[in-house]
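# Working through the structure, step by step
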Amino acid sequence: MEKAVEMIQIVKQFPGVLANDHVDLIVLKGEIHSVVGENGAGKTTLMNQLYGLLKPDSGEIRIFEQKVSFKGPRDAIAKGIGMVHQHFMLVNNLTVAENVVLGSETTRGIIFDLREAQKRVDQLSRSYGLQVDPTAKIEDLPVGMQQRVEIIKTLYRGAEILILDEPTAVLTPQETEELFSVLKRLKENGKTIIFISHKLNEVMEISDRITVMRQGKVTGVLNKNETDVREIARLMVGREVVFTVQKPPAKSSDVVLRVENLWVKDYRKLDMVKGISFEIRKGEIYGIAGVAGNGQSELVEALTGLRKPEKGRVILCGEDVTGKSVRELREKGMAHIPEDRHKYGLILQYPAYYNMILGRHYVQPFVKGDFLDHRKIQEFTKTIFSQFDVRPNNIKMLGMNFSGGNQQKLVVAREMSAQPKLLVVSQPTRGLDVGATEFIHKALIQLRDTGVAILLVSMELDEIMSLSDRLAVMYSGQIMGEVDPKEVTVEEIGLMMAGHRFEDLRRV
Amino acid sequence: MRKALVAIFLVMVVVFAMGFKVIMVTDIGGLGDKSFNDGTWEGALIAAKEIGAEAQVIQSYEQADYIPNLTKAAQQADVVFAVGFMMTDALFKVAKQFPNTYFVGIDITPPEGQTLPNVVCYIFKEEQAGFYAGYIGAAMTATGKIGFVGGIPIPPVERFRYGFEAGAKIYSTLHKKKVEVLKGYTNDFEDPKKGKDLTLAQYAQGADIVFLAAGACGNGGIEAAKEKMVALVGSDKLADIIDYYMKNKKGYFAIGVDVDQDYMAPGVVLCSATKGISTAAYYGVKAAWEGTFEGGLQVLGIKEDGAGVSPMKYTKGMVPNSVIAEVAYLTKLVKDGKLVIPDTEDALKAFQVPSITFPF
Amino acid sequence: MNNRLWAFLVPIISVIMALLISSVVILLIGQDPIVAYAALFKGAFGSKLAIASVIIKTTPLILTGLAVGFGFRAGLFNIGAEGQMVMGAMIATAFAINVAWMPAVLAIPLTMVVGMAAGAGYAAIAGVLKAKTGAHEVVTTIMLNWIAEYLSSYVVTVPMGVGFGTPKSPEIANSAKLPPLMTVQATELTSGIIVAVIAAVVIYIVLEKTTKGYELKGTGFNPYAAEYGGIKISQNIVLAMAISGALSGLAGTLEVMGVHHRFLGTLSGGKGFDGISIALIGQNNPIGIIFAALLMGSLRTGSNEMQFVGVPKHIILIVQAIIIFLVAADRIVRTILIRKKRVKAS
């Protein structure tokens, strides 16, 4: 079979990091080939070299068995390579057709022929099953549709080889399904697809062959039919990974948090949370699922004191704490792992041991009068570092110099060590690799078992379904239904995320 | 014969002058103000050249520099100039420490009647110079409004104003012409921008002649006048300006201060109210050199060539002869003490124009 | 460790490079740079008088540098040190004129407290405006500067003005005057320098050792994270502005108590703005600021001597500008380097 891509003995060195260490990648024409690995394994670096964004230090790249040397993405595009980035590169207030031709329009003469462009876009989308209205504006389209526009864009430029970087990270399960059928259609039409991911279930579903990377090296090239998730995970992480979260059922007893008819506005003064009520009991993980932007952030902000609710009541351990400040809430036993660790969770310019006391920087044992007790703080941080295995084990290193996973560990460790009664957790594993994710999941379960009530907000369905004892799905500021995750299907959750009420689903 | 004598005299002077040094310490305005500091420097230079002495100028950045700069100057020089009202206190503090050095203060009044034998201070009857500005301004205004732009309202600036207002009042009483005086201060002596803004503001309020008693700030005022005048006339040539004025009897004018500033915008600077700064500086150096130095306060007015008006080199043609004759007559009255220009706020309020009949 | 050495080396290298570049300028105007720099050095350190002058100039610069630097650490750009300095000096003078009946042990500290309170109160206006309405402190402090400037020139000419000569207030009571450390001819070396150095040490301790310092710096680095950590942002903004203003106010007060012994309209002379450069050169570190102020003070004093050998004062302004430029450029270069590293690592 013809080889679409050959990357041979690629070496790419960054200061202090060997990002690609003699990597070989062979992709056959007409296959869907996944490249998997933890964050920092070197997948993106490898792809950036294939797309001409980076130049390899040594090694050879062949496209359709022809040696190439790219000076930039333009050269790569000319050779038939297209890339769909994780963050879409679309102009929001232009139409689909305009976005598709943007950047290549000048090659077709001085006058920009919009009608012709629309026709081409329509043709492309029909032949690959990528239904999109060419005259719609990007800002009016849902995320899944925007991704289609990106794919059409690459096809319009004549891509034969498509690179998709973590394409499912932003999609609902239904949208993911649709994407997969598009990919299969493309494959039937002879296109070659390189699929970057760390979601192993998806990789198993879509790929023909899989290249696994760890720490800049290839640790395995597998045929989908001859392998399973366990093997891939082992090659990725370098050891056995426990997949299903082991957890005894929750011992529900006292109510820790009660939310009654809560209304919250966002900074634009729009209602984002519209009359939500729920309870979380001691020793229970209460999950809130939903597509981003349906009021989860505002709900979390209202519960953690960062935003004043408009209406309704929040009762923590029997005490009305509606509209209390962050400090008061923390003093009453609230802890918070925020969704954006860079914006909220850490002061990146502070050393790790300063970050470990944020929120408790004024209480015993960290202070002597009005002075910080540096010795005690450092001792405490050292204990936490070994307990949570933070690396590197340097408590004086600045927050910004830790890797994403270790930054998140700092936040998680700090909030868990505060001995809270209620822990509000938002997107705890976003952007983390398998190892760190596993660690944080275990830690959450352990904390639950000591009797802490946990509110878990996550966009990751796998995570929320396996961790939660009870699960609510939010859509447009309201709860679509509260379910036992063991008793619902992923499809049902997906429909609720799209705005269907649970009662209506079960009635049909 | 005479030439030879002069030559011998010069040689002698040069020999004697070896090592005779004059240092002038400026206030924060510094050289280049085209009025006050430049004027003193000019006088000191002329005198130094005459006697063959070495002359140097030291500029100060800030108030705290006055004492160290004067001290260092006193260590090196025979005559030290302190220029500017703001240096009063520093001058007397330092002069006490150096009884063998002569100090000349320009525009400085000894504090609380304190006098030192090695310090001579010159102040000027600014009101007498201001009187010219007021009188000529009142005579020439077409709008009946003239403006006063002061720097920081310190006494010399205020004396200019008293004289200016009195001069306007004299003209207006004698000629029954209604003249209003607009007043404003830039609170600064350095930034031309501030002078320009204030001048433009007074033009906008209807004034057509503005007197700028604001040091280097005033340079901006002259610029403002020039811009307005050029916009009106459509040319910056002196001949065109004079033609336009003779035809239309209107225009925008500035009045300069301290030294003859008429040259800065020919035809636009109507006249300058001058102080005998360089004269004073000249006499200060000469007195020290000749050994006739006497400490104390010298107040110089019209009579002593300490106050006057520029010769109006460019604008004489525009000013009616009658006005020039009147000014000359009034100058004589002031010299003779028959016309007293007020030099305080109270005197200005009480000022009554005496009955004057011109002998023509 | 490496970083600390770097922080120390950069300003020194900047000074040397600035002197080298300026020597070209001096050559171009036909003077000998070696003679000029010898005069500069002699003027700054060559005599008792020189050293006394340097210290007199350094004292207020330390405090305004601290004021601006402290603001920066808390994420605020206080351009109003100038106005706060004037307000501090003016109100401290009004107080100190009337304390002849008090013993010095009481009058001296009380006058300082009054001056600091005045500066703090004045700066807090900008702080409250920012906390309540979001008005940017750069704009408000600049406007407050103008108010202070015009108010002061009014005060020294009308309500407080006395005597002939420089527009000035009456002399303050003897009990409120700082005792001079040394008197060289007409120059009195004020003991204000001790107060300024103590202030720097106190600010260092507040920033590095206390809970408040933790909160203030945290707010400066990342207000979102600070809020998340239960730190009241608006309270800290007002407090940081007030402390910054107190330092500026103290700068003005010490000028009155130690140097002029009265309030003068032109007392600040741009030292509030110099504070910005000094904070930059001292990299917002209180101890670094002491040295930066000393550098600026000696350059300024030495430059007066340079005039005696025929080099105009503007040269020293060029040297200053080049130093600041090089220090700032270093920041730019380092920022770019750090960015690049981060991009590559991700």
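Remember, it's a predicted structure, so these values are computed and weren't measured experimentally.

Counting secondary structure elements, chain A contains 18 helices and 22 strands. The C-alpha radius of gyration computed for chain A amounts to 25 Å, which stays within 12% of the reference 23 Å derived for 508 residues, consistent with globular compactness. Expressed as lengths along the three principal axes of its C-alpha atoms, the size of chain A is roughly 70 × 50 × 45 Å. Split into buried and exposed, the 508 residues of chain A put 45% on the buried side.

Check the secondary structure of chain B and you find 12 helices and 12 strands. The C-alpha radius of gyration computed for chain B amounts to 21 Å, which stays within 12% of the reference 21 Å derived for 360 residues, consistent with globular compactness. Principal axes of the C-alpha set define a box for chain B whose edges measure 60 × 55 × 40 Å. Residues classed as buried in chain B amount to 57% of the 360 residues present. Expressed as a percentage of contacts within chain B between residues at least 6 apart in sequence, the contacts between residues at least 24 apart total 73%.

Attention shifts here to the domain arrangement of chain B. Residue and element names in this part refer to chain B. For chain B, the assigned domains are domain 1 (2-124 + 277-300) and domain 2 (126-275 + 320-350). Centre-to-centre separation of domain 1 and domain 2, based on C-alpha positions: 30 Å. Between domain 1 and domain 2, the contact holds 12 residues from the first and 15 residues from the second. The element that contributes the greatest number of residues to the side of domain 1 that touches domain 2 is helix α2 (residues 36-51), accounting for 3 residues. Of the residues contributing to the side of domain 1 that touches domain 2, the split by class is 5 nonpolar, 3 polar and 4 charged.

This part covers the domain arrangement of chain A. All names here are of chain A. When its domains are assigned, chain A resolves into domain 1 (3-237), domain 2 (245-333 + 422-508) and domain 3 (345-419). For domain 2 and domain 3, the distance between their C-alpha centres works out to 26 Å. Each partner contributes residues to the interface: domain 2 has 10 residues there, and domain 3 has 8 residues.

For the rest of this paragraph, the subject is the sheet that holds strand β21 (residues 470-475) of chain A. Residue and element names in this part refer to chain A. Read across the sheet, 6 strands follow the order β16-β19-β20-β13-β21-β22 without closing on themselves; strand pairing throughout is mixed. If you trace the sheet from one side to the other, it starts and ends with β16 (334-337) and β22 (478-483), each paired once. Within this sheet the neighbouring strands show an average axis-to-axis angle of 20°, counted without direction. Here β16 runs beside strand β19 (residues 422-426); their pairing, made up of 4 bridges, is parallel. Paired with Ala335 across the bridge in β19 is Leu423. Helix α9 (residues 296-304) rests against β13 (285-289), β16, β19, β20 (453-457) and β21 of the sheet, and its axis sits at about 150° to β19. Helix-sheet contacts for helix α15 (residues 434-449) involve β13, β19 and β20, and the interaxial angle to β20 is about 150°.

Residue and element names in this part refer to chain B. At their nearest, the axes of helix α5 (residues 126-140) and helix α6 (residues 155-175) sit 6 Å apart, and the two run at 40° to each other. Judged by the angle between their axes, α5 and α6 are oblique. Considering the relative orientation of α5 and α6, their crossing is right-handed. Residue composition of the contact of α5 with α6, grouped by class: 15 nonpolar, 7 polar and 5 charged.

Let us now look at the interface of chain A and chain C. Listed by partner, the interface residues are 26 residues for chain A and 17 residues for chain C. Of all the elements in the fold, those that place two or more residues in the side of chain A that touches chain C are α10 (326-331), α11 (341-345) and β18 (371-372) of chain A. For the side of chain A that touches chain C, the per-class residue count stands at 17 nonpolar, 5 polar and 4 charged.

Time to look at the nonpolar core. Leu70, Val80, Phe81, Leu91 and Ile255 of chain B are the most contacted members of the largest nonpolar core, which has 117 residues in total. Both domains that furnish three or more residues to this core are identified here as domain 1 (2-124 + 277-300) and domain 2 (126-275 + 320-350) of chain B. When near neighbours in sequence (up to four residues on either side) are disregarded, Ile255 of chain B contacts Ala133, Gly137, Ile209, Val210, Phe211, Leu212, Val269, Leu270, Cys271, Ser272 and Ala273 of chain B. Counting 100 residues, the second largest nonpolar core, distinct from the first, contains Leu63, Met112, Ala118 and Ala242 of chain C.

Moving on: the interface of chain B and chain C. Listed per partner, the contact involves 28 residues of chain B and 27 residues of chain C. Contributing elements (two or more residues each) for the side of chain B that touches chain C: α3 (66-76) and α4 (88-97) of chain B. Of the residues that constitute the side of chain B that touches chain C, the class distribution is 14 nonpolar, 8 polar and 6 charged.

Moving on to the environment of Thr140 of chain C. All names here are of chain C. Topologically, Thr140 is positioned in helix α6 (residues 137-157). The exposure class of Thr140 is buried, given the 21 C-beta atoms found within 10 Å. Each C-alpha atom of the pair Thr140 and Ile79 lies 8.9 Å from the other, and the pair is 61 residues apart in sequence. The residues touching Thr140, leaving out its near neighbours within four places in the chain, are Ala126, Leu129 and Ala135.

What follows is about the environment of Asn393 of chain A. Positionally, Asn393 of chain A belongs in the loop between α13 (374-388) and α14 (404-417). Note: C-alpha distance between Asn393 of chain A and Lys382 of chain A (11 residues apart in sequence) is 8.2 Å.

Residue and element names in this part refer to chain C. One can describe the packing of helix α4 (residues 81-96) onto helix α10 (residues 233-260) by two numbers: an axis separation of 7 Å at closest approach and a directional angle of 50°. The orientation of α4 with respect to α10, classified from their angle, is oblique. Considering only the axes of α4 and α10, their crossing is right-handed. Along the contact surface, α4 presents Ala81, Gln84, Met85, Val86, Met87, Gly88, Ala89, Ala92, Thr93 and Ala96, while α10 presents Gly245, Ser248, Gly249, Leu250, Ala251, Gly252, Thr253, Glu255, Val256 and Met257. Per-class residue counts for the contact of α4 with α10 are 11 nonpolar, 8 polar and 1 charged.

Residue and element names in this part refer to chain C. A rise of 1.5 Å per residue sets the reference length of helix α2 (residues 33-45), with its 13 residues, at 18 Å; its end C-alpha atoms lie 18 Å apart and thus fit the reference within 8%. When α2 is considered as a whole, its buried residues turn out to be Ala36, Ala39, Leu40, Gly43 and Ala44. Seen end-on, α2 carries its buried residues on one side only, within an arc spanning 125°.

What follows is about the sheet that holds strand β7 (residues 161-165) of chain A. All names here are of chain A. Spatially, β6-β7-β8-β3-β9-β10 is the arrangement adopted by the 6 strands of the open sheet, whose pairing is mixed. Each of the sheet's edge strands pairs with one partner strand only, and the pair in question is β6 (81-84) and β10 (217-223). Pairs of neighbouring strands in the sheet enclose a mean axial angle of 20°, with direction left out of account. Sheet analysis places strand β9 (residues 209-214) next to β10, joined by 6 bridges and oriented antiparallel. Of the residues in β10, the one forming a bridge with Met213 is Val218. Lying on the sheet, helix α1 (residues 43-50) is in contact with β3 (32-37), β6, β7, β8 (192-197) and β9; it crosses β7 at an angle near 150°. Along the sheet, helix α6 (residues 173-188) makes contact with β3, β7 and β8, crossing β8 at roughly 150°.

All names here are of chain B. A large share of strand β5 (residues 119-124) lies buried, amounting to 6 of its 6 residues. Residue alternation in β5 divides its side chains into two sets, Val119, Cys121 and Ile123 and Val120, Tyr122 and Phe124, and both sets are buried. Examined bridge by bridge, strand β4 (residues 102-106) and β5 share 4 bridges and lie parallel to one another. Residue pairing for β5: Val104 is matched across the bridge by Val120. Bridge count between β5 and strand β11 (residues 296-300): 5 bridges; the pairing is parallel. Its bridge partner being in β11, Tyr122 is matched across the sheet by Gln298.

Here we come to the environment of Thr168 of chain A. Residues and elements named next belong to chain A. With respect to the helices and strands, the residue Thr168 is situated in the loop between β7 and α6. By the C-beta count within 10 Å, which is 20 here, Thr168 ends up buried. The spatial distance from the C-alpha of Thr168 to the C-alpha of Ser197 is 8.1 Å, given a sequence separation of 29 residues. Apart from residues lying up to four places away in sequence, Thr168 is in contact with Thr176, Leu179, Ser197, Lys199 and Glu202.

About the criteria used
Residues numbered from 1 in each chain as written. Chains lettered and ligands numbered in written order. Predicted model: local features only at pLDDT ≥ 70, side-chain atom pairs only at ≥ 80, totals over all residues. Helix = DSSP H or I, 4+ residues; strand = E, 2+ residues; numbered from the N terminus. Rg over C-alpha atoms; globule rule 2.2 N^0.38 Å. Buried ≥ 20, exposed ≤ 12 C-beta atoms within 10 Å, placed from the backbone. Contact = placed C-beta atoms within 7 Å. Domains from an automatic or database assignment. Nonpolar A, V, L, I, M, F, W, Y, C, P; charged D, E, K, R; others polar. Pairing = 2+ DSSP bridges. Axes fitted to C-alpha atoms, helices over the stretch in contact; angles between N-to-C directions. Parallel < 35°, antiparallel > 145°, perpendicular 65-115°, else oblique. Left-handed = near helix turned anticlockwise from the far one by under 90°. Core = buried A, V, L, I, M, F, W, Y, C linked by C-beta atoms within 7 Å. Expected span 1.5 Å × (residues − 1). Arc of directions from axis to C-beta.

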